[in-house]
Amino acid sequence: MKLFFTLVICCFSFISFAQKRGVVTVIKDPLIDSLIERRIELSRKTTTVTTRRDGPIVTQMGYRVQIFYGSDRREVFSQQQRFKSSYPKINTYITYKEPNYYLRAGDFRTRLEAQRMMNELRPVFATLFVIREKINAPSLEQSNDK
């Protein structure tokens with residue numbers, strides 16, 4: 001009889017502590033959906049064309065090699081001259097994001113091209129990174145001449 005009551009009490013305790021299925025309600029701002037749609041639209045539209053006197057400039061997402069960064073403006077310009085003396089045909093770009101200046105070089109369509117340049121520059125420049133950003137795409141005639 002004791003065993004029977006113990007079994008009955010155990011069954012009721014399992015039933016009372018059993019988990020029940022719940023319902024999850026997600027409450028979010030409708031602005032989130034519009035921001036996601038905008039981000040998708042911007043990622044699809046990666047190429048823009050700007051016309052100038054010397055010909056069209058196509059901008060698209062690509063890669064650059066970050067050669068140097070620091071807070072001293074003169075040092076960034078001296079590093080730019082040092083790079084330009086070795087590679088005069090490669091464009092360099094200096095940007096300022098407080099408190100540092102960033103020196104980036106090249107307009108590479110693929111990460112592999114940027115990685116090759118980075119490996120070539122490694123003995124000369126200490127801190128190198130491959131950065132993905134909007135680039136001025138080189139014309140196909142220029143890239144075939146190399």
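Below you will find a few notes about this structure. (Residues numbered from 1 in each chain as written. Predicted model: local features only at pLDDT ≥ 70, side-chain atom pairs only at ≥ 80, totals over all residues. Heavy atoms only, no water.)

### Things to note about the overall build of the protein chain
Assigned secondary structure in the protein chain consists of five helices and five strands. When the elements of the protein chain are put in sequence order from the N terminus, they spell out α-α-β-β-α-β-β-α-β-α. Of all 146 residues assigned to the protein chain, the portion counted as buried reaches 26%. Expressed as a percentage of contacts within the protein chain between residues at least 6 apart in sequence, the contacts between residues at least 24 apart total 66%. (Helix = DSSP H or I, 4+ residues; strand = E, 2+ residues; numbered from the N terminus. Buried < 20%, exposed > 50% of the residue type's maximum accessible area, 1.4 Å probe, protein only. Contact = heavy atoms within 4.5 Å.)

### Some details on helix α3 (residues 73-86)
In an α-helix there are 3.6 residues to a turn, and that puts residues three or four apart on one side. Taking 1.5 Å of rise per residue, the 14 residues of α3 would be expected to cover 20 Å, and the 21 Å separating its terminal C-alpha atoms lies within 8% of that figure. Among the residues of α3, those classed as buried are V76, Q79, Q80 and F83. Looking straight down α3, one finds its buried side chains confined to an arc of 105 degrees; they lie on one side. Opposite the buried face of α3, by more than 90 degrees, sit the exposed residues R74, Q81 and S85. Capping the start of α3 is the job of one residue whose side-chain oxygen sits 3.4 Å from the backbone nitrogen of R74: D72. (Expected span 1.5 Å × (residues − 1). Arc of directions from axis to C-beta. Polar contact = N/O pair within 3.5 Å; in protein donor to acceptor, adjacent residues only side chain to side chain.)

### Examining the side chain of Q66
Mapped onto the elements of the fold, Q66 is located in strand β2 (residues 55-70). A distance of 3.0 Å separates polar atoms of two side chains, one belonging to Q66 and the other to R104. Ignoring any residue separated from it by four or fewer positions in sequence, one finds Q66 in contact with Y102, L103, R104, T127, L128, F129 and I131.

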